[in-house]
Amino acid sequence: MEVKTNELRSMRSKAIKDDEYTQDGTVDRHGRPALKSKTGGWESGILLLVNQGLATLAFFGVGVNLVLFLTRVLSQDNAEAANNVSKWTGTVYIFSLVGAFLSDSYWGRYKTCAIFQAIFVLGLVFLSLSFYLFLGKPSGCGNRLIRCGNHSSLEIGIFYLSIYLIALGNGGYQPSITTFGADQFDEEDPRESRSKVAFFSFFYLALNLGSLFSNTILDYFEDGGRWALGFWASAVSALLALILFLCGTPRYRHFKPSGNPLPRVGQVVVSAARKWRVEVPSNGRNLFEVDSNECNDVTRGRKMLHTKGFKFLDRAAVVTSKDCIEKDGPQKKWRLCTVTQVEELKCVLRLLPIWLCTIIYSVVFAQMASLFVEQGAVMKTTISNFRIPPASMSSFDILSVATFILFYRRLLNPIISRLRKTGLTELERMGVGLLIAIMAMIAAGVVEFYRLRYVNSDCASCESSSSLSILWQIPQYVLIGASEVFMYVGQLEFFNDQAPDGLKSFGSALCMTSISLGNYVSSLLVAVVMDITTKDDRAGWIPRNLNKGHMDRFYFLLAALTTVDFIIYLACAKWYQRIKLQGKCEASDDEEGSFEV
C-alpha cells in the first residue's frame, strides 16, 4: 500500500512539474529548467519589443541621413557618398552573420544581445562627440546652405570608426534579438505557441514604428543641420534600450549555445563520403542516435527525426562493424554521426533555395530607398505652400505595415483559420508577399509612365518639370508595406521555426543577408541595364535627367523578374519538407547549473 502511495505521489509530482516548466528545453539564467510563471511570456516579450523600437530609432537616426552627412559635413561628392553608404549598409547585414554565429555557438543569445548593444551605444557616443568636438566646425554648418570645413585624416578616421562600430553593434544584435524574443514563448504549449507567432508580427511593427520617428522628427532636425541633436537623441535612445534589456534579465528564458556548427556539418559530409558504398535502410530505421532519454550531446537541443530526401547523407548515421569496434573519441565522430546531425545539414540545404528566392523580393524592396525617392524628386512636390520631401513618402510604407499587421492579425487570419485549421502557412504568406511586390512594381511603372506624359513640353530638359503630384506614389508605397507584412514577417517566422535549435540565430540572419544581397543585386542590375540601354549614344533608362529616360521600363522589368522568381518559388515551396522535432529532452543532473548569465 505504501509503495502504491509513493508511486501516486511521484506521478502527481511529475504532472505538476510538466505543467509548471517549459517543455521546449529553455532554462532560466541559472541553467535550471524555466518556470512558466516566473520567466518568459509577454512580460519579457513586451520589454524586448520596446527595446527593438528604441534601437531601430537610434540606428535609423544615423542611417536615414548618412548620405547627406557625407556630402554636407565631409564634403564628399554624390557618387562617393552613395558608394560609402552602400558599403556601410552592406556591412551592417554582413555583421549579422557574425552575431548569429557567436550567439548560436558560444555566447548564447542574451550575452550576444547585451555585448553588441553596448558596442552600438559606444559607436553612437563616439559619433556624437566627434561631431560636437571637431566635425561640426564652423558652428551651424551642415545644412543646405553652409558646408563644413576641411577635416584631418585623424578626424575622418574617428568618424569612420564610429559608424562602423554602429554597424557592428546593430548588425550583431539584430538576428539575436529576434530569436531571443521568440525564445520567451514555449512552442510546446499551444497558448504560448500562438503568442510566439504573434510576436514576430509585433516585432516587425516595433521596428517600423521606431524608424517612423527617425524618418520624420530626426530627419527634420538633421536636414536642418542640427546633427548633434539628432546623434545625441539616437545615443540616448540606444542607451535606454540597453538599460531596459538588462532590466529584464531575471525573467528571460534561454537556450544553451550549441557549439561551433561547422565541425558538425563537416563530420556528416566526411562520414557520408567514407561510407559511400554502404547501403542505407529504405525506411530510415536503425540509424544511429543518442539515447532518447538524454539531451542531444552534439547540438544540445531537441532531437530531430529522420526525413526523406538527401539519402546519401543518411550514410553518416549508418552503424557499420568498424564503428562498433572503434572506441568513443574525436575520431569516431568523423565516422559515425547522429540522425540529428544529419538532419541539421539537410535542414540547411532545404532552406537555401527558399532563401535564394527571397533575394529578388529584396531587390524590389531596395527601390523604396533609391529609385522611388528619385522618382518623387522629379514630380510635383508642393501642395499649396507646403513642400513634401520625397524621402518622407516612406512614411506611407510604415503606416501600411502597421495597418496590414493589424488587418492580418485581427481580421484576415481569423477568417482563414475558420476555413482551414492551419490558416496561411509561412510559405504561403511569403508567396502572397511576392505577388503584392509584383503589383507594387507595376503601380510604380504606371505612375512613371504618366509622369513622363505630364512633363512640361516647353522644358523637356528640366529635371523637375512634371506636373504629376507626388501623392500618386502612395499606392506603390502602400503595396510595398503590405508585401513586407506577408514576406518579411513570414520569413522571420519561417526561418526561426524551421532552423534547428543550434542554428536559430542563423535563421534570423538569413533574413538580413537577403536584404543585403538585394541591395547589391539592385546596384548590379541598374549598372547592367544602364550599360545596355546607353549604347549608340542613347540616354538610357535611368539617366541623370529622368525626363529623358524610361524608368518605367525598369520597374516593369523588375515586375517580370519577380514573376519568374514567384514561379520558381512555388516549385521550391512545394518541394520543401518541414523539420520534425522529437520534443523536449531532459537535462542530466551534471548539466544543470552550467549555464550562467
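If you're wondering where the values come from, they're calculated on a predicted model, not measured in any experiment. (Residues numbered from 1 in each chain as written. Predicted model: local features only at pLDDT ≥ 70, side-chain atom pairs only at ≥ 80, totals over all residues. Heavy atoms only, no water.)

### Side note on the overall build of the chain
Line of reasoning, step 1. Across its full length, the chain holds 19 helices and two strands.
Line of reasoning, step 2. Of all 597 residues assigned to the chain, the portion counted as buried reaches 53%.
Line of reasoning, step 3. Long-range pairs, those at least 24 residues apart, make up 82% of the contacts in the chain between residues at least 6 apart in sequence. (Helix = DSSP H or I, 4+ residues; strand = E, 2+ residues; numbered from the N terminus. Buried < 20%, exposed > 50% of the residue type's maximum accessible area, 1.4 Å probe, protein only. Contact = heavy atoms within 4.5 Å.)

### Section: the environment of Met393
Line of reasoning, step 1. Positionally, Met393 belongs in the loop between strand E2 (386–387) and helix H15 (394–419).
Line of reasoning, step 2. Along the sequence, Met393 and Phe372 sit 21 residues apart, while their C-alpha atoms lie 8.9 Å from each other.
Line of reasoning, step 3. Setting aside anything within four residues of it in sequence, one finds Met393 in contact with Ile388, Ile470, Leu471, Gln473, Ile474 and Tyr477.

### Observations concerning the pattern of salt bridges
Line of reasoning, step 1. With the rule as written, the count across this model stands at 15 salt bridges.
Line of reasoning, step 2. The partner of Glu344 in a salt bridge is Arg264, with the nearest N and O atoms 2.9 Å apart. Taken together, the residues span a long stretch of sequence, with Glu344 in helix H13 (residues 339–366) and Arg264 in helix H9 (residues 261–274) at a distance of 80 residues. For the pair Glu344 and Arg264, one class covers both residues: buried.
Line of reasoning, step 3. Across the salt bridge formed by Lys346 and Glu343, the nearest N and O atoms sit 3.2 Å from each other. Of the two residues, Lys346 and Glu343 are both situated in helix H13; the distance of three residues between them amounts to about one turn of the helix. Pair check on accessibility: Lys346 and Glu343 agree, each one buried.
Line of reasoning, step 4. Salt bridges sharing common partners tie together Asp104, Arg109 and Asp183. (Salt bridge = Lys/Arg side-chain N within 4 Å of Asp/Glu carboxyl O.)

### Re the environment of Ser44
Line of reasoning, step 1. Tracing the backbone shows Ser44 in helix H2 (residues 41–63).
Line of reasoning, step 2. On the basis of relative accessible area, Ser44 is assigned to the buried category, the value being 2%.
Line of reasoning, step 3. When the C-alpha atoms of Ser44 and Pro250 are compared, they prove to be 9.6 Å apart, with 206 residues separating the residues in sequence.

### Things to note about the confidence of the model for the chain
Parts of the model with low pLDDT should not have their predicted coordinates read in detail.
Line of reasoning, step 1. Mean pLDDT over the chain works out to 82, with 88% of the residues at or above the 70 mark.
Line of reasoning, step 2. Per-element averaging of pLDDT across the chain places helix H1 (residues 2–20) at the bottom with 51 and helix H19 (residues 551–575) at the top with 95.
Line of reasoning, step 3. Every residue in residues 11–16 scores below 50 in pLDDT, and together they form zero contacts with partners more than four places removed in sequence or on other chains.
Line of reasoning, step 4. Between residues 584–597, whose pLDDT stays under 50, and residues either more than four places distant or in other chains, the model counts 39 contacts. (pLDDT = per-residue confidence, 0-100.)

### Re H13
Line of reasoning, step 1. Between its terminal C-alpha atoms H13 stretches 40 Å, which fits the 40 Å expected from 28 residues at 1.5 Å a residue.
Line of reasoning, step 2. The sharpest bend along H13 measures roughly 25° and falls at Leu352, with the proline Pro353 sitting one to four residues further on.
Line of reasoning, step 3. Most of H13 sits out of view: 23 of its 28 residues are buried. (Expected span 1.5 Å × (residues − 1). Bend = angle between axes of the 7 residues up to and from the residue.)

### Section: H19
Line of reasoning, step 1. Across its 25 residues, H19 extends 36 Å between first and last C-alpha, which sits within 8% of the 36 Å expected from 1.5 Å per residue.
Line of reasoning, step 2. Residues of H19 that are buried: Met551, Asp552, Phe554, Tyr555, Leu558, Ala559, Thr562, Asp565, Phe566, Tyr569, Cys572 and Ala573.
Line of reasoning, step 3. Residues of H19 that are buried sit in contact with H13, helix H14 (371–377), helix H16 (426–453) and helix H18 (504–533).

### Details of the environment of Phe126
Line of reasoning, step 1. Tracing the backbone shows Phe126 in helix H5 (residues 109–135).
Line of reasoning, step 2. Relative accessible area serves as the criterion here: at 33%, Phe126 is assigned to the partly exposed category.
Line of reasoning, step 3. The spatial distance from the C-alpha of Phe126 to the C-alpha of Leu165 is 9.0 Å, given a sequence separation of 39 residues.
Line of reasoning, step 4. Setting aside residues no more than four positions away along its own chain, Phe126 makes contact with Ser162 and Leu165.

### As for the packing of aromatic side chains
Line of reasoning, step 1. All told, the structure shown has 34 aromatic pairs when counted by the stated rule.
Line of reasoning, step 2. Consider the rings of Trp42 and Phe185, whose centres lie 4.9 Å apart with planes at 65°: the pair is edge-to-face. Here Phe185 lies in the loop between helix H6 (153–183) and helix H7 (190–223) and Trp42 lies in helix H2, a separation of 143 residues in the sequence.
Line of reasoning, step 3. Taking the relative accessible area as the measure of exposure, Phe185 reaches 1% and is therefore buried.
Line of reasoning, step 4. Each residue in the set Trp42, Phe185, Phe199, Phe200, Phe202 and Phe203 is aromatic and connected to the rest through ring pairs, giving one cluster. (Phe/Tyr/Trp six-rings, centres within 6.5 Å; stacked < 30°, edge-to-face > 60°.)

### Side note on unusual backbone geometry
Line of reasoning, step 1. Unlike most non-glycine residues, Phe310 shows phi in positive territory, near 50°.
Line of reasoning, step 2. Relative to the helices and strands, Phe310 resides in the loop between H9 and helix H10 (311–314).

### Some points on the nonpolar core
Line of reasoning, step 1. By size, the foremost hydrophobic cluster in this structure holds 123 residues, and its most contacted members are Phe69, Phe159 and Phe245.
Line of reasoning, step 2. Excluding residues that lie within four positions of it along the chain, Phe69 makes contacts with Leu74, Phe131, Leu135, Phe159, Trp227 and Phe231.
Line of reasoning, step 3. Listed in part, the twelve residues of the second largest apolar core include Ala272, Ala316, Cys337 and Val339. (Core = buried A, V, L, I, M, F, W, Y, C linked by side-chain atoms within 4.5 Å.)

### Thoughts on the packing of H2 against helix H8 (residues 227–247)
Line of reasoning, step 1. Packing of H2 against H8 leaves a shortest axis separation of 8 Å and a crossing angle of 160°. The pairing of H2 with H8 is recorded here as roughly antiparallel in orientation. Crossing of H2 over H8 shows left-handed handedness. Note on element contacts: H8 touches H2 through Phe231, Ser234, Ser237, Ala238, Leu240, Ala241, Leu242, Leu244, Phe245 and Cys247, opposite Leu47, Leu48, Val50, Asn51, Leu54, Ala55, Leu57, Ala58, Gly61 and Val62.
Line of reasoning, step 2. Residues of the contact of H2 with H8, tallied by class, amount to 16 nonpolar, four polar and no charged. (Axes fitted to C-alpha atoms, helices over the stretch in contact; angles between N-to-C directions. Parallel < 35°, antiparallel > 145°, perpendicular 65-115°, else oblique. Left-handed = near helix turned anticlockwise from the far one by under 90°. Nonpolar A, V, L, I, M, F, W, Y, C, P; charged D, E, K, R; others polar.)

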